[in-house]
Each structure stands twice: as structure tokens, then as C-alpha cells.
Amino acid sequence: MKNSAMSIENFKTVIDHAPEFRKTNGRPFITVSYAQSLDGSIATAGRQQMQLSGPESMRLTHQLRARCQSILVGIGTVLTDNPSLTVRLVEGKNPQPIILDTHLRTPLDANLVQRSDLSTWIVNANHAPIDRNDPFKQKGITLIGCERNDEGWIDLLALMNILARRQVNSIMVEGGARVITSFVKLKLADLFVITVSPKLVGGLPVIDARGFKTASSLKLTDIHYQRLGGDLVVWARPDWSH
Ligand SMILES: NC(=O)c1ccc[n+]([C@@H]2O[C@H](COP(=O)([O-])OP(=O)(O)OC[C@H]3O[C@@H](n4cnc5c(N)ncnc54)[C@H](OP(=O)(O)O)[C@@H]3O)[C@@H](O)[C@H]2O)c1
């Protein structure tokens, strides 16, 4: 894939090539996208949801959703934000929703469980008790069993294999902090689309200490800065070579 600065115009081309990307790399193309304040917070310090994106950048988020085949969040985000993860602000198809939920804590009345257009995939550890599984199946949810990692969470490398086998070519990772940190830690990101809102929050940092080894950092490259309303949108690719 050509390494040029990204924008919504050529994002479509990148996604069009995602089937080849999956065949070559054995995993979907991963776009990590979130909104943060100028001081790097994605929510309040108490992990409560905050409206950070303005209307223009929110519309861009929906454009990205409409172009990706699937969209992934952690159970923390489901419990605090209760998102639907649908495409509402632009024309386009809803991506396949995926929740990382090791212990099947997703509430049965969550918006993602109530979706009638698509069966949400809940990725959980294989040993979840059968009686806890049944109500989800009755709601039409697809339960996907996956191995755990050393932290006791879903093993993302194993999950990427599962998703590739399910012909998932592209994923948009929307959060929250722990999930984004895990993807970054494993170098599972091909593109970042970060909305920076002109606010200082003193809240939940997007990347926690697990993300990097001491004194290391991830350099972003092929940067494209886009002003949308009062927000700055940063398109960038990760440079994993350091
Ligand atoms: N500004 C934005 O763009 C944005 C977007 C989304 C969310 N948010 C905010 O982010 C906050 C939620 O973030 P959070 O860190 O508390 O929760 P999170 O990242 O949404 O979910 C974390 C949880 O997912 C489960 N999980 C399973 N496998 C995992 C893995 N490999 N890596 C990481 N997590 C895994 C774990 O719970 P189990 O052990 O139970 O499985 C873990 O505690 C909320 O305040 C929300 O408002 C902001």
C-alpha cells in the first residue's frame, strides 16, 4: 500500500485494498480513531463520557465508520457510553459491531444488544458459563470465544486470526483507553485518525503506561492535519521501526 498522507478522500482507496491487506498480513487493516482534548484526555478522570468532537469532526467519524467493515470497542465503553456504533450523520452502511468482553458483562439492554440490523459480535473467553450465554443467543448476539492473554483479557493476536478467517478486511477501533492501549502495545494499528478538541480536561489519558516500555514512544509519520470546525483532525500512520 502506498505510504502517502491520508485523508477521507483516499481512505476509501485504502479500504478498497483491505482484502489484499488481509491476505498479505493475515489480519484486517486497523484504523484507530478517537477524540481527545488538547491534553490527551478521552473522557473524564472518572471514566465518564465527554462530548469532545464538534459536529464537523463527528461527521467525519461517521464517514470512517461507513467505510470500515467492522467497528470494535471494549466493554468499558459499552458500560459507560452505551454506544450504538451506527452510521447516522452520513449515507452509508453500518459496520459490524464487535465488543471485547472477556466475562460477558454486556448488559442485555445495551444499545448494541438491541440492534436489529446486525448481530453484534461479543468476543469473550471460552469458558463463559452456558447459562450466561443463552440470553445473548436469544437476543441474536453472536458469541465468539477467544483465548486470553497474560493480563487475562482477550488475546488480540488470536482475535485478529479469527476475524481474518471470518473475512473481516477492515476494523475501526473506537476505544476506550484500555483497548486502544492494547492495540498500540501489540503494534496492531495501521492508521490513526485522531480528533483533537480545543479543551483541557485533566481526564482519562488515551494511552496508559502499559502502552510503551520505559523511555520509548511511538512516532507517527505521513501526517495530514485537517481543520474541521474548531477541531484539529490528525491523520497519521504509525512508524513501528523505533
Ligand atoms: N473520546 C473518545 O473517542 C472515546 C471513545 C470511546 C471511549 N471513550 C471513553 O473511554 C472510556 C472507557 O475506556 P476504558 O479504558 O475504561 O474501557 P475500554 O477500553 O472500552 O474497555 C476495556 C475493557 O475491555 C475488556 N478487554 C478485553 N480484552 C481486552 C484487551 N485485549 N485489551 C483491553 N481491554 C480488553 C476488559 O474488560 P473485561 O476484563 O471485563 O473483558 C477491559 O477492562 C469511557 O470513559 C469512554 O467514554 C472515549
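See the structure printed just above.
Bear in mind the structure is a predicted one, so any value in this text is a computation, not a measurement.

### Side note on the sheet that holds strand E4 (residues 96-100)
(1) Moving on: Ordered by their spatial adjacency, nine strands build an open sheet running E6-E5-E4-E3-E7-E1-E8-E11-E10, and the pairing between neighbours is mixed. Of all the strands in the sheet, just strand E6 (142-146) and strand E10 (219-228) have a single pairing partner and so form its edges. For this sheet the average axis-to-axis angle between neighbouring strands, irrespective of direction, equals 25°.
(2) Moving on: Direction of pairing for strand E3 (residues 70-74) relative to E4: parallel, over a ladder of five bridges. Note on E4: the bridge partner recorded for isoleucine 71 is proline 97.

### Some points on the packing of helix H1 (residues 8-16) against helix H2 (residues 18-25)
(1) Moving on: Where H1 contacts H2, the two axes come as close as 5 Å, and the packing angle between them is 45°. Taken together, H1 and H2 sit at an angle that is classed as oblique. Contact residues: H1 offers Val14, Ile15 and Asp16, while H2 offers Ala18, Pro19 and Glu20.
(2) Moving on: Residues that form the contact of H1 with H2 fall into these classes: four nonpolar, no polar and two charged.

### Looking at the pattern of salt bridges
(1) Moving on: Scanning the entire structure with this criterion turns up eight salt bridges.
(2) Moving on: As a salt-bridge pair, arginine 65 and glutamate 174 come within 2.8 Å of each other at their nearest N and O atoms. Linking arginine 65 in helix H3 (residues 55-67) with glutamate 174 in strand E7 (residues 170-175), this pair joins segments that are 109 residues apart in sequence. Here arginine 65 and glutamate 174 have matching classes, each one buried.
(3) Moving on: The salt bridge partner of lysine 185 is glutamate 151, with a shortest N-O separation of 4.0 Å. You can see lysine 185 sitting in helix H8 (residues 177-185) and its partner glutamate 151 sitting in the loop between E6 and helix H7 (156-165), a full 34 residues away along the chain.
(4) Moving on: On the basis of relative accessible area, glutamate 151 is assigned to the partly exposed category, the value being 37%.
(5) Moving on: Among the ionic contacts, a cluster of salt bridges with common partners joins Glu151, Lys185, Asp208 and Arg210.

Cut-offs used in this document
Residues numbered from 1 in each chain as written. Predicted model: local features only at pLDDT ≥ 70, side-chain atom pairs only at ≥ 80, totals over all residues. Heavy atoms only, no water. Pairing = 2+ DSSP bridges. Helix = DSSP H or I, 4+ residues; strand = E, 2+ residues; numbered from the N terminus. Axes fitted to C-alpha atoms, helices over the stretch in contact; angles between N-to-C directions. Parallel < 35°, antiparallel > 145°, perpendicular 65-115°, else oblique. Contact = heavy atoms within 4.5 Å. Nonpolar A, V, L, I, M, F, W, Y, C, P; charged D, E, K, R; others polar. Salt bridge = Lys/Arg side-chain N within 4 Å of Asp/Glu carboxyl O. Buried < 20%, exposed > 50% of the residue type's maximum accessible area, 1.4 Å probe, protein only.

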